[in-house]
Amino acid sequence: MSANAPAGRVLSGMRPTGALHIGNYHGALANWIELQYQYECYFFVADWHALTTDYEDTSRLPGHIHEMLIDWLAAGINPGVATVFVQSHVPEHAELHLLLSMITPLGWLERVPTYKDQQAELKEKDLATYGFLGYPLLQSADILIYRPAYVPVGEDQVAHVEITREIARRFNHIYGREPDFEAKAEKATKSLGGRMATQYRQLRREFQQAGSQGALEKARALVLGNNRITVADRERLLGWLEGGGVAVLPEPQVLLTKSPKVPGTDGRKMSKSYGNTIGLREDPDSVAKKLKTMQTDPARVRRSDPGDPDKCPVFDLHRIYSDEATQAWAAHGCRTASIGCLECKKPLIDKVVEFVEGMRRRAQEFEDNPELVQRILVEGGEKARAAARDTMDEVRRVMHLRGKL
Ligand code: TRP
Ligand code: SF4
């Protein structure tokens, strides 16, 4: 990390669903693109996760991974600053998953809300499998192996980060004890350096005595941002903040993604399973056609009926793509019935088409040279593996398994 790099690592992943739609972009990707310039980011394609629900026909997996990666790159994920990789290229995820499975109570997994929900939702598939039950634990391994400070996810994934924190806590509690911990933690504090050591002590006191979460986060950032201390000391200092022992696997914080509402063409939430999407690289004519027939405020039956922009999915898209003046024009025209829906949609269509055309232009290079994508993955995979190996060396050491490989 360079001297002025921000403190903290960020990790997030996405299932390879194939080419993405504009809902995926505004829901997650746009956020990642911003984060990559603020944190040390690791972004990965969760291909093993796809197997937890789609294990029967895996033939389309390579294509889905490739298409999604092209979308990431065309959207602005920058492999020059972020580490981009595929989960299965880093087999250490599987090793950590196995080791964590030994200490994970079954009840914790059965209680994850998505377990029963998804089984009910996807009842055409047999999801009474070991892999499906263990999928939140695989996600915990994905996260903990990079020891990130933050995990940016949407609302639907918060429970998974929560169970990850519980598993980290349990792991540290079981394997994080060491003789003379206090004395070693004191020594580690000193090696932070004078001013930082004072700050660390003060923040730790603020957290332990007053329970200040802000102080805890600042202290964590201070420890994670200090690159003069050893890995072992970093774990001691993170562990000491909250009392306990060594934090071999620090508890990550969730970074809840604030995303705008992105309705699909039928007015429901945009989702591949509803067949109401607008692809990030969709053909511009097709985009225009879909928007022209997109659901509007159902109260506007005739051109002369006034409408309510707050009840119109098209207006939700205006909020994302149009400037203030256009939004004001559309809202007023709608309420007074002085414009028709097609007229209202016109400037929106122009903007969405422009956006999609930009995506297509930037994707071209990768579509023409698939080996470019492969090269990015090889490089990203090596970087990710180095980080994952560091964690596994520590995990094996504290579990009295074979040491460094
Ligand atoms: N489960 C996530 C999803 O379905 C994808 C995912 C897998 C993930 N591992 C992760 C997200 C680790 C964040 C961190 O969207
Ligand atoms: Fe929606 Fe615009 Fe039609 Fe109003 S005028 S209902 S905002 S498309």
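Residues numbered from 1 in each chain as written. Chains lettered and ligands numbered in written order. Predicted model: local features only at pLDDT ≥ 70, side-chain atom pairs only at ≥ 80, totals over all residues. Heavy atoms only, no water.

## Considerations on the packing of helix H11 (residues 194-210) against helix H13 (residues 231-241)
Think of two packed helices as two axes; the pair is described by the angle between the axes and how far apart they sit.
Then step 1. Following both chains from N to C, one finds H11 and H13 inclined at 35 degrees, their axes separated by 9 Å at the closest point. Between H11 and H13, the contacting residues are Tyr200, Arg204, Phe207 and Gln208 on the first element and Leu237, Trp240 and Leu241 on the second.
Then step 2. Counted by class, the contact of H11 with H13 contains five nonpolar, one polar and one charged residues. (Axes fitted to C-alpha atoms, helices over the stretch in contact; angles between N-to-C directions. Helix = DSSP H or I, 4+ residues; strand = E, 2+ residues; numbered from the N terminus. Contact = heavy atoms within 4.5 Å. Nonpolar A, V, L, I, M, F, W, Y, C, P; charged D, E, K, R; others polar.)

## Here we look at the domain arrangement of the chain
Then step 1. We note that the domain assignment places domain 1 (9-173 + 250-261 + 369-398), domain 2 (177-242) and domain 3 (281-367) within the chain.
Then step 2. Here domain 2 and domain 3 have C-alpha centroids that lie 52 Å from each other. (Domains from an automatic or database assignment.)

## Notes on the site of ligand 1
Then step 1. Around ligand 1, the structure places 14 residues, and the nearest of them are Arg15, Phe44, Gln139, Asp142 and Gln157.
Then step 2. At 3.0 Å, a side-chain N or O of glutamine 157 approaches a nitrogen atom of ligand 1.
Then step 3. For ligand 1, whose unbound accessible area comes to 370 Å², protein coverage reaches 90%.
Then step 4. In terms of residues, the shell around ligand 1 owes the most to one element, helix H8 (residues 135-144), which gives four residues.
Then step 5. In the shell around ligand 1, the residues fall into seven nonpolar, five polar and two charged. (Near = heavy atom within 4 Å. Polar contact = N/O pair within 3.5 Å; in protein donor to acceptor, adjacent residues only side chain to side chain. Areas by Shrake-Rupley, 256 points an atom, 1.4 Å probe, with all protein chains shown as cover.)

## Structural notes on the confidence of the model for the chain
Then step 1. Averaged over all residues, the pLDDT of the chain is 93; the fraction at 70 or higher stands at 97%.
Then step 2. Low confidence marks residues 1-6, where pLDDT is under 50. Its contacts with residues over four positions away, or in another chain, come to six contacts. (pLDDT = per-residue confidence, 0-100.)

## Focus: the site of ligand 2
Then step 1. Neighbouring residues of ligand 2: Thr296, Asp297, Arg300, Cys312, Val314, Cys334, Cys341 and Cys344.
Then step 2. Residues that form the shell around ligand 2 fall into these classes: five nonpolar, one polar and two charged.

## Observations regarding unusual backbone geometry
Then step 1. With a phi close to 55 degrees, alanine 337 is a non-glycine residue in the positive phi region.
Then step 2. By secondary structure assignment, the location of alanine 337 is in the loop between helix H16 (324-335) and helix H17 (341-368).
Then step 3. Given a relative accessible area of 13%, alanine 337 falls into the buried group.
Then step 4. Positioned with a positive phi, histidine 400 is a non-glycine residue whose angle comes to about 60 degrees. (Buried < 20%, exposed > 50% of the residue type's maximum accessible area, 1.4 Å probe, protein only.)

## Description of helix H4 (residues 92-102)
Then step 1. Burial in H4 covers these residues: Glu92, His93, Leu96, Leu99 and Leu100. Along the axis of H4, the buried positions cluster into a sector of 130 degrees, meaning they face one direction only.
Then step 2. Tucked into the core, H4 has its buried residues touching helix H2 (47-53), strand S3 (83-86), H8, helix H9 (158-175) and helix H18 (370-398). (Arc of directions from axis to C-beta.)

## Points about the packing of helix H15 (residues 313-321) against H16
Then step 1. In contact at an axis separation of 9 Å, H15 and H16 are set at 160 degrees when each is read in the N-to-C sense. The angle between H15 and H16 falls in the class roughly antiparallel. In the crossing of H15 with H16, the sense of the turn from one axis to the other is left-handed. Side by side, H15 and H16 meet where Phe315, His318 and Arg319 of the first sit next to Thr326, Gln327, Ala330 and Ala331 of the second.
Then step 2. Among the residues forming the contact of H15 with H16, the class breakdown is three nonpolar, three polar and one charged. (Parallel < 35°, antiparallel > 145°, perpendicular 65-115°, else oblique. Left-handed = near helix turned anticlockwise from the far one by under 90°.)

## Observations concerning the pattern of salt bridges
Then step 1. Tallied over the full model, the rule gives 25 salt bridges.
Then step 2. Two residues, glutamate 67 and arginine 281, come together in a salt bridge whose shortest N-O distance is 2.9 Å. Residue glutamate 67 is found in helix H3 (residues 61-75), and its partner arginine 281 is found in the loop between strand S5 (253-256) and helix H14 (284-292); the two are separated by 214 residues along the sequence.
Then step 3. Residue glutamate 67 is classed as partly exposed on the basis of its relative accessible area, which comes to 29%.
Then step 4. Since its relative accessible area comes to 16%, arginine 281 is described here as buried. (Salt bridge = Lys/Arg side-chain N within 4 Å of Asp/Glu carboxyl O.)

## Examining H16
Then step 1. Here H16 spans 16 Å end to end across 12 residues, near enough to the 16 Å set by a 1.5 Å rise per residue.
Then step 2. When H16 is considered as a whole, its buried residues turn out to be Gln327, Ala330, Ala331, Gly333 and Cys334.
Then step 3. Contact partners of the buried residues in H16: H15 and H17.
Then step 4. Positive phi appears at alanine 337, one or two residues downstream of H16, with a value of about 55 degrees. (Expected span 1.5 Å × (residues − 1).)

## What about the packing of aromatic side chains?
Then step 1. Inspection of every chain in the model, using the stated rule, returns 12 aromatic pairs.
Then step 2. Consider the rings of tryptophan 32 and tryptophan 72, whose centres lie 5.0 Å apart with planes at 80 degrees: the pair is edge-to-face. A residue pair is termed long-range when its members are at least 10 positions apart, and tryptophan 32 in helix H1 (residues 22-35) and tryptophan 72 in helix H3 qualify at 40 residues. The residues tryptophan 32 and tryptophan 72 share a single accessibility class, namely buried.
Then step 3. Residues phenylalanine 171 and tyrosine 175 carry aromatic rings whose centres are separated by 4.8 Å and whose planes lie at 50 degrees to one another, so their mutual orientation is tilted. Of this pair, phenylalanine 171 and tyrosine 175 are both found in helix H9, four residues apart, which corresponds to roughly one turn of the helix.
Then step 4. Residue classification places phenylalanine 171 among the buried residues on the basis of a relative accessible area of 1%. (Phe/Tyr/Trp six-rings, centres within 6.5 Å; stacked < 30°, edge-to-face > 60°.)

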